[in-house]
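Commentary on secondary and tertiary structure
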Amino acid sequence: MNIFNSLGSNYDLSYILKSFSKGNSADHKNLEKLLEQRYGGKAFLFYKGREALTFAFKILNLADDSRVAINGFTCIAVFNAIRKAGLEPVCLDLEKIGGLNFTSETLNKALKSNKKIKAVVVQNTFGYPCDIEKIEQICREHKLFLIEDLAHCVGTRYGDGREAGTVGDFVVLSFSQDKIIDAVSGGALVVRNKKISNIQYPGVIVRHLEGVVRMRDRIYPLETFKIRTTYKFGLGKPYHFLLKRLNLLSDVMNDSFYEYYSLPNWHAGMALYQFELLEKQRLDRRKIAKIYFSSLPKRLLIYEKKDLYDRSSNLRLPIMVEDRQNLLSSLKKNGIYLSDIWYTDVAPECANAVAVSKKILTLPAHINVSEQNAKRISDLINQWAKE
């Protein structure tokens, strides 16, 4: 059986059957209500999480020369969303040893050298929690707005027991492909800061999504399922190429989606469906992550504390290897396709993040990876490491 890191990773037959539903206005309202109850604030739904992040800064209406502290190891969508709001991101580097999130110490140093930082975005990379207690304290002391980006970490719990999304002034969610909550596309902003009143769309027009874009999203679960299941017969790869050539696959990084588009009812319904499955899938992801943790050499692991996997959403399990391309080629020969490396080169000033980006490899923990699959992947990596 072939295993992929993405390409419809969260979709099984049940999801595909659910995707044939139409969705209705009640789904939109119920998703807003769910988010407001779960995270304790006012919810706004968008077609993309990047739109939600830009909207958060439009609400704050910060001075044009304001800066926003973000992780130096992040998706370019975060970087661009901040610039779309007319602000400038300040990328905080990773520690040489310490994981994939910036630390409170790094944030403190940045504040001493840059007084224009007015907000901080934490992302809990791949679901592994940051040092939120100290970061929150720093934000309160310096009167900075704290934004929790849950694209990777719905269901993650911090060291003090609080759930990700229940700490910051704002919560941003992404429901895009291969995220914890996967509705093919979608995003949300939850405003938790009670001091910000009379929240409205600040002088912007919310657009309605074109029919062709909605169509591509709706067929994406079925088409990617076809690609994955026919790959072993030599049909999936050319079929994938054909769909891309005909522009029939949803484009997750389309640059036009830094404006404001309303979330269609169908996407809201799919997001609700994913929230229903969240707890079960969280436990399943934890099982897979622990297999990797217990099976792989500790020198490859970025996170070596077992309890961290208990608290993480385990979107993917990150490891570090010296010859990444060689390992990718070795796994590919055995039907394991993990070449969609998640990193960005927007922060060349962050030396440690750049170094990590050249060595990191993320292992799948999604619904289509069984415990047997995880053991097989671990065995293949162990064999490669011994060569």
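Residues numbered from 1 in each chain as written. Predicted model: local features only at pLDDT ≥ 70, side-chain atom pairs only at ≥ 80, totals over all residues. Heavy atoms only, no water.

Here we come to the side chain of serine 312. Following the sequence through the fold, serine 312 ends up in the loop between helix 10 (306-311) and strand 9 (316-320). For serine 312, a relative accessible area of 1% gives the class buried. Within the local environment of serine 312, its side chain forms a polar contact with the backbone oxygen of glycine 127, the two atoms lying 2.9 Å apart. Among the polar contacts made by the side chain of serine 312, one reaches the main-chain amide nitrogen of asparagine 314 at a distance of 2.8 Å. (Helix = DSSP H or I, 4+ residues; strand = E, 2+ residues; numbered from the N terminus. Buried < 20%, exposed > 50% of the residue type's maximum accessible area, 1.4 Å probe, protein only. Polar contact = N/O pair within 3.5 Å; in protein donor to acceptor, adjacent residues only side chain to side chain.)

The subject of this paragraph is the sheet that holds strand 5 (residues 117-122). Across a sheet, strands are paired by hydrogen bonds formed along the backbone, either parallel or antiparallel in direction. A sheet is described by the order of its strands in space; here seven strands give the open sequence 2-8-7-6-5-3-4, paired in mixed fashion. Looking at strand neighbours, the two that pair on one side only are strand 2 (42-46) and strand 4 (88-92), the edges of this open sheet. When the angles between neighbouring strand axes are averaged without regard to direction, this sheet yields 20°. Here five bridges tie strand 7 (residues 170-174) to strand 8 (residues 187-191), and the two strands are oriented antiparallel to one another. Paired with valine 172 across the strands is leucine 189, a residue of strand 8. On top of the sheet, helix 2 (residues 25-39) reaches strand 2, strand 7 and strand 8; it is set at about 135° to strand 2, its chief contact. Along the sheet, helix 3 (residues 49-60) contacts strand 2, strand 3 (67-71), strand 5, strand 6 (145-149), strand 7 and strand 8; its crossing angle with strand 7, the most-contacted strand, is approximately 160°. (Pairing = 2+ DSSP bridges. Axes fitted to C-alpha atoms, helices over the stretch in contact; angles between N-to-C directions. Contact = heavy atoms within 4.5 Å.)

Glancing now at the nonpolar core. One finds Leu35, Phe57 and Leu173 to be the most contacted residues of the largest nonpolar core, which totals 125 residues. Per-element accounting of this core gives the leading share, 13 residues, to helix 9 (residues 265-295). The residues touching leucine 173, leaving out its near neighbours within four places in the chain, are Leu35, Tyr39, Gly49, Leu150, Val154, Gly186, Gly187, Ala188, Val190 and Phe275. (Core = buried A, V, L, I, M, F, W, Y, C linked by side-chain atoms within 4.5 Å.)

Quick look at unusual backbone geometry now. The phi angle at asparagine 61 is positive, at roughly 55°, despite the residue not being glycine. Relative to the elements of secondary structure, asparagine 61 occurs in the loop between helix 3 and strand 3. Overall, the relative accessible area of 65% leaves asparagine 61 in the exposed class. Positive phi values are uncommon outside glycine, yet asparagine 124 reaches one of about 45°. Here asparagine 124 shows up in the loop between strand 5 and helix 6 (132-141). Classification of asparagine 124 as buried rests on a relative accessible area of 0%.

Bringing the packing of helix 7 (residues 211-230) against helix 8 (residues 236-245) into the picture now. Direction vectors running N to C along helix 7 and helix 8 enclose 150°, while the axes themselves pass 7 Å from each other. In terms of their interaxial angle, helix 7 and helix 8 are classed as roughly antiparallel. Where helix 7 approaches helix 8, its residues Glu223, Lys226, Ile227 and Thr230 are matched on the opposing element by Gly236, Tyr239, His240 and Leu243. Among the residues making up the contact of helix 7 with helix 8, the classes are represented as three nonpolar, three polar and two charged. (Parallel < 35°, antiparallel > 145°, perpendicular 65-115°, else oblique. Nonpolar A, V, L, I, M, F, W, Y, C, P; charged D, E, K, R; others polar.)

When helix 4 (residues 76-84) is considered as a whole, its buried residues turn out to be Ala77, Val78, Phe79, Ala81 and Ile82. Buried residues along helix 4 sit against helix 3, strand 3, strand 4 and strand 6. Directly after helix 4, the chain includes glycine 86, whose backbone phi takes a positive value near 85°.

What follows concerns the pairing of strand 4. With four of five residues buried, strand 4 lies mostly within the body of the structure. Looking at chain direction, strand 3 and strand 4 are connected through five bridges and run parallel. Within strand 4, the position partnered with arginine 67 by the bridge is glutamate 88. The handedness of the strand 3 to strand 4 crossover, carried by helix 4, is right-handed. (Right-handed = clockwise from strand over helix to strand, strands pointing away.)

One pass over the structure, following the stated rule, counts 12 aromatic pairs. With centroids separated by 5.0 Å and ring planes inclined at 75°, the aromatic side chains of phenylalanine 4 and tyrosine 231 adopt a geometry described as edge-to-face. With phenylalanine 4 in strand 1 (residues 3-4) and tyrosine 231 in the loop between helix 7 and helix 8, this residue pair connects regions lying 227 residues apart in the sequence. This pair shows no difference in class: phenylalanine 4 is buried, exactly as tyrosine 231 is. With 5.6 Å between their ring centres and 80° between their planes, tyrosine 128 and tyrosine 309 make a pair best called edge-to-face. A residue pair is termed long-range when its members are at least 10 positions apart, and tyrosine 128 in the loop between strand 5 and helix 6 and tyrosine 309 in helix 10 qualify at 181 residues. (Phe/Tyr/Trp six-rings, centres within 6.5 Å; stacked < 30°, edge-to-face > 60°.)

Assignment of secondary structure puts serine 370 in the loop between strand 11 (360-364) and helix 13 (371-386). Taking the C-alpha atoms as reference points, serine 370 and leucine 60, 310 residues apart in sequence, are found 44 Å from one another.

Next up on the list: the pairing of strand 11. In terms of burial, strand 11 is largely enclosed, as five of its five residues are buried. Here strand 11 shows no split at all, with Ile360, Thr362 and Pro364 on one side and Leu361 and Leu363 on the other all buried. Pairing of strand 9 with strand 11, which is carried by five bridges, proceeds in the antiparallel orientation. Bridge pairing links proline 318 to threonine 362 in strand 11.

Residues that lie three or four places apart on an α-helix share one face, since the helix turns once every 3.6 residues. In this model helix 13 runs 23 Å from its N-terminal to its C-terminal C-alpha over 16 residues, within 8% of the 22 Å that 1.5 Å per residue would give. Of all the positions in helix 13, only Asn373, Ala374, Ile377, Ser378, Leu380, Ile381, Asn382 and Trp384 are classed as buried. (Expected span 1.5 Å × (residues − 1).)

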